[in-house]
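This is what each chain is made of:
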Number of protein chains: 2
Amino acid sequence: MDEIDERIGNGSFLISSEMEEIEHCPYPKFYPFEEIGEGFDAVVVGGGDFPSHPLPLQLIGETERVVCCDGAANEFLARGLCPWRVVGDCDSLSAKARQEFSDIIRRNPDQETNDQTKAVTYLAEKGMRRIAIIAATGRREDHTLGNISLLIEYMRQGLDVRIYTDYGVFVPCRDTCVFECPTGTAVSIFSFGTHGMQAEGLRYPLRDFTSWWQGTLNTTETPTFTIRCKGEYLVYLNY
Amino acid sequence: MDEIDERIGNGSFLISSEMEEIEHCPYPKFYPFEEIGEGFDAVVVGGGDFPSHPLPLQLIGETERVVCCDGAANEFLARGLCPWRVVGDCDSLSAKARQEFSDIIRRNPDQETNDQTKAVTYLAEKGMRRIAIIAATGRREDHTLGNISLLIEYMRQGLDVRIYTDYGVFVPCRDTCVFECPTGTAVSIFSFGTHGMQAEGLRYPLRDFTSWWQGTLNTTETPTFTIRCKGEYLVYLNY
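Residues numbered from 1 in each chain as written. Chains lettered and ligands numbered in written order. Predicted model: local features only at pLDDT ≥ 70, side-chain atom pairs only at ≥ 80, totals over all residues. Heavy atoms only, no water.

Chemist: Help me get a handle on the packing of aromatic side chains, residues and values and all.
Modeler: In total, this model carries 17 aromatic pairs over all chains according to the counting rule given. Pairing Trp212(A) with Trp212(B) gives two aromatic rings, centres 4.3 Å apart and planes at 45°, and the pair type is tilted. Taken together, the positions of Trp212(A) in the loop between β10 (186-200) and β11 (218-219) and Trp212(B) in the loop between β10 (186-200) and β11 (218-219) put the pair across two chains. Taken individually, Trp212(A) and Trp212(B) each receive the classification buried, so the pair is uniform in this respect. Consider the rings of Phe170(B) and Tyr236(B), whose centres lie 4.6 Å apart with planes at 55°: the pair is tilted. One end of the pair, Phe170(B), is in strand β8 (residues 168-174); the other, Tyr236(B), is in strand β12 (residues 224-238), and 66 residues separate them in sequence. Its relative accessible area of 0% is what places Tyr236(B) among the buried residues. An aromatic cluster of at least three residues, connected via ring pairs, comprises Phe192(A), Trp212(A), Phe192(B) and Trp212(B). The residue whose ring lies beneath Arg85(B) is Trp84(B), and the NZ or CZ to ring-centre distance is 4.2 Å. Looking at Lys126(B), its charged tip hangs above the ring of Tyr122(B), at a distance of 4.6 Å from the centre. (Phe/Tyr/Trp six-rings, centres within 6.5 Å; stacked < 30°, edge-to-face > 60°. Helix = DSSP H or I, 4+ residues; strand = E, 2+ residues; numbered from the N terminus. Buried < 20%, exposed > 50% of the residue type's maximum accessible area, 1.4 Å probe, protein only. Lys NZ or Arg CZ within 6 Å of the ring centre and 35° of its normal.)

Chemist: Summarise the interface of chain A and chain B; cite the residues concerned and give the values.
Modeler: The interface of chain A with chain B comprises 31 residues on the first partner and 31 residues on the second. Taking both sides of the interface into account, the surface hidden between chain A and chain B amounts to around 2,900 Å²; carbon and sulfur atoms contribute 67%. When the buried area of chain A at its contact with chain B is split by residue, Glu141(A), Trp212(A) and Trp213(A) rank highest and sum to 26% of it. Taken together, the connections running from chain A to chain B amount to zero salt bridges. Linking chain A to chain B there are 14 residue pairs in polar contact (both at pLDDT 80 or more). Elements with a minimum of two residues in the side of chain A that touches chain B: α7 (141-156), β8 (168-174), β10 and β12 (224-238) of chain A. At nine residues, the largest contribution of residues to the side of chain A that touches chain B is made by α7(A). Per-class residue counts for the side of chain A that touches chain B are 13 nonpolar, twelve polar and six charged. (Contact = heavy atoms within 4.5 Å. Buried area = accessible area lost by both parts, 1.4 Å probe. Salt bridge = Lys/Arg side-chain N within 4 Å of Asp/Glu carboxyl O. Polar contact = N/O pair within 3.5 Å; in protein donor to acceptor, adjacent residues only side chain to side chain. Nonpolar A, V, L, I, M, F, W, Y, C, P; charged D, E, K, R; others polar.)

Chemist: Describe the relation of the copies chain A and chain B, with residues and values.
Modeler: Overlaying chain A with chain B gives an RMSD of 0.0 Å, the required rotation being 180° about an axis along which the chain moves by 0.0 Å. These values place the two chain copies in the arrangement generated by a two-fold rotation axis. Measuring from the rotation axis to each C-alpha of chain A, the shortest distance belongs to Gly138(A), at 3.2 Å. Same-surface contact between copies: 100% of interface residues of chain A are shared with the interface of chain B. (Least-squares fit on C-alpha atoms with pLDDT ≥ 70 in both.)

Chemist: Quick rundown of the confidence of the model for chain A? Include the residues and the values.
Modeler: Residues and elements named next belong to chain A. Here chain A averages 89 in pLDDT, while 89% of its residues score no lower than 70. Long-range and interchain partners of residues 6-24, a stretch whose pLDDT sits below 50, account for 27 contacts in this model, where long-range means more than four residues apart. Across the interfaces of the predicted complex, the ipTM metric reaches 0.87, alongside a pTM of 0.88. (pLDDT = per-residue confidence, 0-100.)

Chemist: If you had to explain unusual backbone geometry to someone new, which residues and values would you point to?
Modeler: Positive phi, close to 55°, is recorded for Arg139(A), a residue that is not glycine. Mapping Arg139(A) onto the fold places it in the loop between β6 (130-134) and α7. Judged by relative accessible area, Arg139(A) falls into the partly exposed class, the value being 36%. Of note in this structure, Cys90(B) is not a glycine but carries a positive phi near 65°. Given the relative accessible area of 4%, Cys90(B) is considered buried.

Set out below in structure tokens:
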């Protein structure tokens, strides 16, 4: 651990009593519209398609802590950008990136997990809880599916991690949640095991979906919408 | 139903005794390598990114029965291609495509399902069972997730439908299956409810995965690999 790493902390929040209170809060969680794309502690850049939409690009510009997953550092270098850290097994790094970023590479050869999770874990161990991931989709679809589903794992660890693509944002949720977003927004809900799911403010009714496609292609009909249930799910909001 | 439609049949195979036998066959299903990308009755072109990889492009060239899902017909027209049918709610068709393809449009305004399923159902009703889908991924990720998961639904209806992307193929499977493919192929397995999942010929062991990411990033170590289990799952083979 280098000097900069030490200044940030050791991620002890993961077992803090504060987190326990948040996890067992009896009130619905509220997602204000202005916070949907703001206030992140760090941004992780994955190995998928580099974004072209202004929102994920803006996220990179708003934080000093950009962590590139392995080969994403090559793309960063080609664009004249410099990340804060490069994390992963580093088998996809170009010789130029390896040399250019030698001071900020944190190699992690673990074969049990992927580079996205290595980057998120690196940040979590330094106490960073709100993390945006970009370039997590596109290219190999099995990576896309894996990366999206990992948001649920991060939520179980007490982290608030979202994926921003060129088309929308994936927000992992537990139990009843209230979202603020413009009327007419396209919304999809993916259940990871829910009980009694119902909605207010969406065009089509929700239920405890058993297949991914069943919760797709919904639309908001009011400026806030509520998802009532017990259990875990992903909300996808189209920009 | 027009003259061409009538010549093809009415899809009665879905309740034929032959299908029943296939469904209850006690032997593992074998997927020979040469059949992975061949022998389809029809190809469905979805509304995702139009492919650039030779394999999905080749599939279009090998069949006369190409069905475009709604707005995919615009892309087909722009490339100087003509589909066999255009199926969907047709709200994304350009005026030019609407005029050009007026004889082959089969409008289906059903709001309970998506254009991909409308195209597959149209083909199934005409007795076509082996269907390849291209352009099902890319663009909105909620559509990608929905389209991929629908392969399991089609399998439950007795159809053999696969999705070919620029990176790999998704094959829906039930119970024990044997695949032939080159050693070193990247493979991912997505469980949709399995019991006792084990593998032979893969680098990392399988189990009854409870999250999408758990079955990703595996590799074949022999020229055939076997997945043993009861239940439904998707196999993704990287090209």
